[in-house]
Amino acid sequence: MPPPADIVKVAIEWPGAFPKLMEIDQKKPLSAIIKEVCEGWSLGNHETFALQIADSTNFYITEKNRNDIKNGSILRLTTSPYQMALQLHERIQSSSMDAKLEALKDLANASRDITFAQEFINLDGISLLTQMVESGTERYQKLQKIMKPCFGDLLSFTLTAFVELMDHGIVSWDTFSVAFIKKIASYVNKSAMDTAVLQRSLAILESMVLNSQDLYHKVAQEITIGQLIPHLQGTDQDIQTYTIAVINALFLKAPEEKRQFDENIVDILNCPLTEMAHILAQKQLRSIILTNVIRSPTPINDEMAHQLYVLQVLNFNLLEDRMMTKMDPQDQAQRDIIFELRRIAFDVECEPNNGGSIEKRKSMYTRDYKKLGFINHVNPAVDFTQIPPGMLALDNMLYFAKHHQDAYIRIVLENSSREDKHECPFGRSSIELTKMLCEILKVGELPSENCHDFHPMFFTHDRSFEEFFCICIQLLNKTWKEMRATSEDFNKVMQVVREQIMRALSLKPNSLDQFKSRLQNLSYTEILKIRQSERMNQEDFQSRPILELREKIQPEIMELIKQQRLNRLCEGTCFRKISSRRRQDKFWYCRLSPNHKVLHYGDLEESPQGEVPHDSLQDKLPVADIKAVITGKDCPHMKEKGALKQNKEVLELAFSVLYESDEYLNFIAPDKHEYCVWTDGLNALLGKEMTSDYTKSDMDTLLSMEMKLRLLDLENIQIPEAPPPIPKEPSNYDFVYDCN
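Being a predicted model, the structure only gives us computed values, none of them experimental.

A short note on the overall build of the protein chain
A count of helices and strands for the protein chain gives 29 helices and 11 strands. The buried share among the 740 residues of the protein chain stands at 46%. Within the protein chain, residue pairs in contact and separated by at least 24 positions form 67% of the contacts whose partners lie at least 6 positions apart. Counting only carbon and sulfur atoms, one obtains 50% of the accessible surface of the protein chain, whose full area is about 37700 Å².

Here you go:
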């Protein structure tokens, strides 16, 4: 007979004693269980003891998380969180450097547990650590020359403990003094600083900026770009990542007016980081990131790729203001830009303003604006009142006309010499192309939390978006000619151009020239070949015999997909525990047992290389206990407060397993593929339909492949819509030979 559901069999350790096997009744108060354990080892004052998970996390067992204890768990009897906090609070104030160092090391480890953190914070522990950073380090600096390693470790463990405690979100970031900010900033500004201290200091500055608008202003005034550049020029990718993260955080929190380019600032190295647009527009910073990070011999890890992606998005988001600004047809300065486009294109045809009648000049302007491809020939300014792309389209056209003048003039004159219906309208094309490029690059959208999709080529030029436009407008003109398009085909041409751009971008070219050469290989003829090939691969025969064969094969294919999903669940996946500070990587692993009856899961110190064995995963969840699989915004961990939880990308990767009455196991998949695999696999375990996009794609691919294999012998044979008629019975059966 199985044990009651409320009884859990565990082993409990106590230093110097043989582990004790016992049954824990989950209905009993935790204090009563601890008292019983203490009495078993003849220990008094059971109030000063607590139970911990006996693994690398050492997390305390509380009334809130006690249901996480599973059969076979190993627990440890240890000092209670309050007593531990009291002891460490006293020990870190020791006059002995060695004792202080050991205490800070223990504090850094213990602070990862929220139960301990709460007790230590209640003892005003955060204030003590900030005081040690503000004033205590002065004394240590005198010893730095003779005890440099010790000094670095002391400060490193102090800052680590601080970061871990703040990561729980118990204390507001707004409570810190300017002196503390200055001290942290000073560690970043020093050229020769311990790597661990520098890492923690950059992480603290990033968190301050992201969590407090008031601290953003204080931090931004303390740090200059010249002080951050040496950290980017080093070879430590972690330091480079944290440095770019600080720049991203400051840029993300900067007020709108501070994001705009300020031509009055000349000295970039001493420029405060509030002037973000100017800094990101500078060749020096961009080239340093390109040379020392993107083109570094060290492969770019996921976190660095994410920070570069965020930097790329924030840089392009500077264009949002112009993209959403309508042109004022009455604004003379804006109208002058259109006059300049006309002047550059038709320089030889220009006439002085006082030449000829007003009607003649208007007629000449109308003719030229038609040649330039504007929709409104009389007043082209009206074309730029659509948002998006607004004034950004006009900016791009002027940049193209000034910096690629020969190509601009060639395109305009080429099209003006064609028949009206075959001309590629430069003005209309530029407006629609700018809008398309903004959609492709998601201008105006906030960075995704899990995306790593940065493009190296956008870091190779100070005006990368404008250069991107210049390449694409020439591509559009080339594709228009290849398609022999007319004005009715405008939308078709734009669809082809979009496909060309997307396919070229997917190859991740390292430079704009490489992007251009990729586009050369993607002519309209090549796009047609690719489309034809894809259409053939996805061909769906509609005759009745074929449809009947598909219906017959489908259950076999679905069973094959189901087995693949369950096999993947048996291999397991590493999931990231996402907190308010993204880069504090905490991982946990989950996998299905080979008999498909139990989910094994547990925390990990670092991302694993390969599979994690079942026996190293302490927690278990019987599949029979699973009631439902919940996805998206309905998940309990997506209903919590916090900006992160509002992120659309994270919502799309979230799912939870409901078991017992109201207990949940919460997941955030590393990517869409893993999300589909796990939701499909869990639904298959519950006997429910697998409905993910990945399943539909696999079904289409495998079904198409199986159909083609089975129909190989029928190649070039016409399959009739109806089966052939059955012939009439013969008049006699004399032709039948009886073997007997």
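There is more to say, and it comes next.
A short note on the sheet that holds strand 9 (residues 626-631)
Through backbone hydrogen bonds, the strands of a sheet pair up, either in parallel or in antiparallel fashion. Taking strand neighbours across the sheet as the criterion, the 3 strands line up as 9-10-11 in an open arrangement whose pairing is antiparallel. In the strand order of this sheet, the two ends are held by strand 9 and strand 11 (663-668), each with one partner. Neighbour to neighbour, the strand axes of the sheet diverge by 20° on average, direction disregarded. With 5 bridges connecting them, strand 9 and strand 10 (residues 654-659) associate as antiparallel partners. Across the sheet, the residue bridging to I630 is S656, located in strand 10. Sheet contacts for helix 28 (residues 672-685): strand 9, strand 10 and strand 11; angle to strand 10, the most-contacted strand, approximately 20°.

Looking at the environment of M327
Along the chain, M327 falls in the loop between helix 16 (320-323) and helix 17 (332-345). Once the C-alpha coordinates of M327 and I387 are considered, the two residues, 60 residues apart in sequence, prove to be 9.5 Å apart. Apart from the residues lying within four places of it in its own chain, the contact partners of M327 are Q334, R335, I338, A381, F384, T385, M391 and L394.

Notes on the sheet that holds strand 6 (residues 587-592)
Across the sheet, 4 strands lie side by side as 5-6-7-8; this open sheet has antiparallel pairing. Sheet topology places strand 5 (573-576) and strand 8 (619-622) at the edges, where each strand pairs with a single neighbour. Strand after strand, the sheet turns through a mean of 25° between neighbouring axes, direction not considered. In the sheet, strand 7 (residues 598-604) pairs with strand 8 via 4 bridges, with the strands oriented antiparallel.

A word on unusual backbone geometry
In this structure, the amide linkage connecting I387 to the following residue, P388, adopts the cis form with an omega of -20°. Its place among the elements puts P388 in the loop between helix 18 (358-371) and helix 19 (391-403). With phi around 65°, D124 is a residue other than glycine that occupies positive phi space. Within the secondary structure, D124 sits in the loop between helix 4 (114-122) and helix 5 (125-142).

Focus on the packing of helix 19 against helix 20 (residues 405-416)
With their axes 5 Å apart at the nearest point, helix 19 and helix 20 run at an angle of 110° to one another. Accordingly, the angle class assigned to the pair helix 19 and helix 20 is roughly perpendicular. Along the contact surface, helix 19 presents F400, A401, K402 and H403, while helix 20 presents Q405, A407, Y408 and I411. Along the lines of polarity and charge, the residues of the contact of helix 19 with helix 20 split into 5 nonpolar, 2 polar and 1 charged.

Overview of helix 2 (residues 81-91)
For helix 2, every residue scored as buried is listed here: P81, A85, L88 and H89. End-on view of helix 2: buried residues confined to an arc of 105°, all on one side of the axis.

A closer look at the environment of L215
Tracing the backbone through its elements, the reader meets L215 in helix 9 (residues 213-222). Look at L215 and you get buried, because its relative accessible area is 1%. Remark: the alpha-carbon pair of L215 and T175, spanning 40 residues in sequence, is separated by 9.5 Å.

Some details on the pairing of strand 3 (residues 49-53)
The side chains of a regular strand alternate between the sheet's two faces. Counting buried residues along strand 3, 4 of its 5 residues qualify, which places the element largely inside the surrounding structure. Sheet analysis places strand 3 next to strand 4 (residues 74-79), joined by 5 bridges and oriented antiparallel. From the neighbouring strand, I53 faces strand 4, where its bridge partner is L75.

Thoughts on a nonpolar patch on the surface
There is a patch of nonpolar side chains on the surface, built from M705, L709 and L712 and spanning about 310 Å² of accessible area. Among the secondary structure elements, L712 is positioned in the segment after helix 29 (693-710).

Here's the deal with the pattern of salt bridges
Under the defined criterion, the tally for this structure stands at 21 salt bridges. E63 serves as the salt-bridge partner of R66, at 3.0 Å between the closest nitrogen and oxygen. The class of R66 is buried, set by a relative accessible area of 4%. One salt bridge connects E674 with R568, and the closest N-O pair in it is separated by 2.5 Å. Pair noted here: E674 is in helix 28 and R568 is in helix 26 (residues 544-571), with a separation of 106 residues, a long-range link. Just as E674 is buried, R568 falls in that class too. Through salt bridges with shared partners, a single ionic network connects R342, R367 and D368.

Considering the packing of helix 21 (residues 426-440) against helix 22 (residues 464-483)
Relative orientation and spacing of two packed helices are given, respectively, by the angle between their axes and the distance between those axes. Across the interface, helix 21 lies against helix 22 with an axial gap of 10 Å and an inter-helix angle of 125°. Between helix 21 and helix 22, the crossing angle belongs to the class labelled oblique. When you trace helix 21 past helix 22, the crossing you get is right-handed. Each of F426, S429, S430, L433, T434, L437 and C438 in helix 21 lies in contact with helix 22, whose residues at this interface are F465, F468, F469, C472, I473 and L476. Here the residues of the contact of helix 21 with helix 22 sort into 10 nonpolar, 3 polar and no charged.

Details of the packing of aromatic side chains
All chains considered together, the criterion is met by 29 aromatic pairs. On the basis of an interplanar angle of 80° and a centroid distance of 6.3 Å, the ring pair of F454 and F459 is categorised as edge-to-face. Per residue, the accessibility class of F454 equals that of F459, and both read buried. Here the aromatic residues F575, W588, Y601, F655, F667, Y675 and W678 are joined through ring pairs into a cluster of three or more. Of note, K20 hangs over the ring of W41, and the distance from its end group to the ring centre comes to 4.5 Å.

Thresholds applied
Residues numbered from 1 in each chain as written. Predicted model: local features only at pLDDT ≥ 70, side-chain atom pairs only at ≥ 80, totals over all residues. Heavy atoms only, no water. Helix = DSSP H or I, 4+ residues; strand = E, 2+ residues; numbered from the N terminus. Buried < 20%, exposed > 50% of the residue type's maximum accessible area, 1.4 Å probe, protein only. Contact = heavy atoms within 4.5 Å. Areas by Shrake-Rupley, 256 points an atom, 1.4 Å probe, with all protein chains shown as cover. Pairing = 2+ DSSP bridges. Axes fitted to C-alpha atoms, helices over the stretch in contact; angles between N-to-C directions. Parallel < 35°, antiparallel > 145°, perpendicular 65-115°, else oblique. Nonpolar A, V, L, I, M, F, W, Y, C, P; charged D, E, K, R; others polar. Arc of directions from axis to C-beta. Patch = residues over 30% accessible without salt bridge, like charges linked within 9 Å, V, L, I, M, F, W, Y side chains within 5 Å. Salt bridge = Lys/Arg side-chain N within 4 Å of Asp/Glu carboxyl O. Left-handed = near helix turned anticlockwise from the far one by under 90°. Phe/Tyr/Trp six-rings, centres within 6.5 Å; stacked < 30°, edge-to-face > 60°. Lys NZ or Arg CZ within 6 Å of the ring centre and 35° of its normal.

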